[in-house]
Amino acid sequence: EKTRKEMTSKGSTGIEVILSTLEVGPFNLGGYGYIASFHFITGLCGGRRASVLVTKGGTQILFQLLLTASKDSPPNEELMVLLHTLLAKIAPKDKKIGMKARINGALNISLNLVKQNLQNHKLILPCLQVLRVYSTNSVNAVSLGKNGVVELLFKIIGPFSKKNTSLLKVALDTLAALLKSKTNARRAVDRGYVQVLLMIYTDWHRHDSRHRYMLIRKGVLQCIKSVTNIKLGRKAFIDANGMKILYNTSQECLAVRTLDPLVNTSSLIMRKCFPKNRLPLRTIKSAFHFQLPVIPASGPVAQLYNLPPDVDDVVDESDDNDDTETEPEIETENDDDKDQHFKNDDIETDINKLKPRQELGRPIEDLKMYKQFFPELSENFQECDLVSKEPKPFVLDANLSGPIVVPTAREE
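These lines cover the structure that appears in this document, whether it is placed above or below. Because the structure is a prediction, the values reported are computed rather than measured.

Thresholds applied
Residues numbered from 1 in each chain as written. Predicted model: local features only at pLDDT ≥ 70, side-chain atom pairs only at ≥ 80, totals over all residues. Heavy atoms only, no water. Helix = DSSP H or I, 4+ residues; strand = E, 2+ residues; numbered from the N terminus. Buried < 20%, exposed > 50% of the residue type's maximum accessible area, 1.4 Å probe, protein only. Contact = heavy atoms within 4.5 Å. Areas by Shrake-Rupley, 256 points an atom, 1.4 Å probe, with all protein chains shown as cover. Patch = residues over 30% accessible without salt bridge, like charges linked within 9 Å, V, L, I, M, F, W, Y side chains within 5 Å. Salt bridge = Lys/Arg side-chain N within 4 Å of Asp/Glu carboxyl O. Core = buried A, V, L, I, M, F, W, Y, C linked by side-chain atoms within 4.5 Å. Domains from an automatic or database assignment. Arc of directions from axis to C-beta.

**Comments concerning the overall build of the chain**
- Helix and strand counts for the chain stand at 21 helices and zero strands.
- Evaluated residue by residue, the chain yields a buried proportion of 38% over its 412 residues.
- Long-range pairs, those at least 24 residues apart, make up 71% of the contacts in the chain with a sequence separation of at least 6.
- Accessible area for the chain stands at about 25000 Å²; split by element, carbon and sulfur atoms hold 55% of it.

Below, the structure written as C-alpha cells:
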C-alpha cells in the first residue's frame, strides 16, 4: 500500500517512466511485468489511482499495445486478459474511452476475441466488461450491433444455467446498454428476442427459489426495459404475453422485500407497455365511466368510441428519430451504483402542469346577489374632513367615490 501511494502521489514520475517505456520500446516479456505493475498500482477496483493512470495518457498506450498484440496469430491469451482487465478498471475514469476505442480500432479487436472464444470464459469475461463500457456510447452501440454483437450475447445468456453467473451478469448489462439504441432494439424485435428474454426471466424466477441471483433477474428486466423503449418492442412484449408474465411474477415477489427492485422495474415496464387511451373510456379497462353530453354520429370522437378495447389510440412518435452514426458523442461513467435507485420515467414532475386550474363554479353575474353582504369589496372610502386640527373618523358613505386618503400628519 505504501508503494502504491508513492507511485500515485503528486510529483512522482514512476507511472510516466513505465508508460514511456511501453510506448517507445518493443513489447517483450518485460512488458508483462509492466502491465502487471499497473494492476498492482490500481488495486482491485481502480478508483483514484486509475484516474492518475488515465491523466498520464495510459488509455492511449494500452490501446496501442492491444492493437500490436492482436496482430499475432493466434493472439497471446494471457496478454489479452491482462490488457482487457486493466482497461475495464480504468474505463469508468475515462469519459472518452468509447471514442478512443473506436478511433484506435479496439472495438473490433475485443468483439473478435469474444466471437472466437465463446467457450473460454476466462478470456471473454474481461472483454465483455470492456464492451459494456464501449456500448454506453451511442455510435459504438450502432457499430457493434451491425457487427452482430446482439446475436452473440444471446448465445451467452441462454439457455438457462447457473454456471458462470458472473459472466452472465456482465453479458446482460452489456446487452441492456446495446438495446438502448433503437437500431439494435428493432434488430432484437425482428429476431424474436423479446419472447426469448421473457422465457429466460421466467426460468430464473422459477429456479431461483432462494433469491440468490436477484442481480441476474434484474439484468434480464433491464434488457426488456431497453427494448420496450420503441413501439415495436412494446407491441412484441404484449404479443408475447409479457403483461401477464411480469404481473404474475411480481405478485410472487411482493412478500420478499429484497426483491423490490424487480417489482419496481416490472411495474415500469408494464405501465410503459399498457395501451394508452384518451378519456372517456367506454371499455372494461376504465374504472370510471364518463358520459359525454353529445356524441356526434360521425367524426373523430365517434371513431375513438368505435375502436376495439386493446387498441392504443394515442399517437406514438417514439420511433420517428432513428439512430444515426452522426449522433454526438455521449460518454457516461459506469453507473452500476446508480442502478440501485429506480426512477419512474413516466411520472410528471412539472409543477405548473400539476397545479389544478382554478375555475369559478358559477358565472360572475350569479355572484352579484351577495354584494350587499360585503360592501367593502366594492365600495370606495374617503376621509371627510382634513381642514380641522383634530382628525375626524372615517365615514362610510356609499355615494362617495374616489380613492381612500389617509392623513399622515396634523395640519398646522
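**Some thoughts on a nonpolar patch on the surface**
- A grouping of Leu360, Ile364, Leu367, Met369, Tyr370, Phe373, Phe374 and Leu377 is seen on the molecular surface, where their side chains present a nonpolar patch of about 880 Å² in accessible area.
- The partly exposed category is assigned to Tyr370, whose relative accessible area is 36%.

**So, the environment of Leu167**
- As for its placement among the helices and strands, Leu167 is situated in helix H12 (residues 165-178).
- The spacing of Leu167 and Leu125 is 42 residues in sequence and 5.7 Å in space, taken between C-alpha atoms.
- Sequence-distant contacts of Leu167, defined by excluding residues within four places in its chain, comprise His121, Ile124, Leu125, Leu128 and Ile156.

**Digging into the nonpolar core**
- Counting 80 residues, the largest nonpolar core has Leu128, Tyr134, Ile157 and Leu175 as its most contacted members.
- Both domains that meet at this core, namely domain 1 (1-97) and domain 2 (150-277), each give it at least three residues.
- Sequence-distant contacts of Leu128, defined by excluding residues within four places in its chain, comprise Val114, Leu153, Ile156, Leu167, Val170, Ala171 and Thr174.

**Focus on helix H16 (residues 231-239)**
- Inspection of H16 places Gly233, Arg234, Ala236 and Phe237 among the buried residues, and these make up the whole buried set. In a view along the axis of H16, the buried residues occupy a sector of 165°, so they form one face of it. In H16, those exposed residues whose orientation departs by more than 90 degrees from the buried face are Lys235 and Asp239.
- The inward-facing, buried residues of H16 abut helix H13 (182-190), helix H14 (193-207), helix H15 (214-227), helix H17 (242-253) and helix H18 (260-273).
- At the exit of H16 stands Asn241, carrying a positive phi of roughly 65°.

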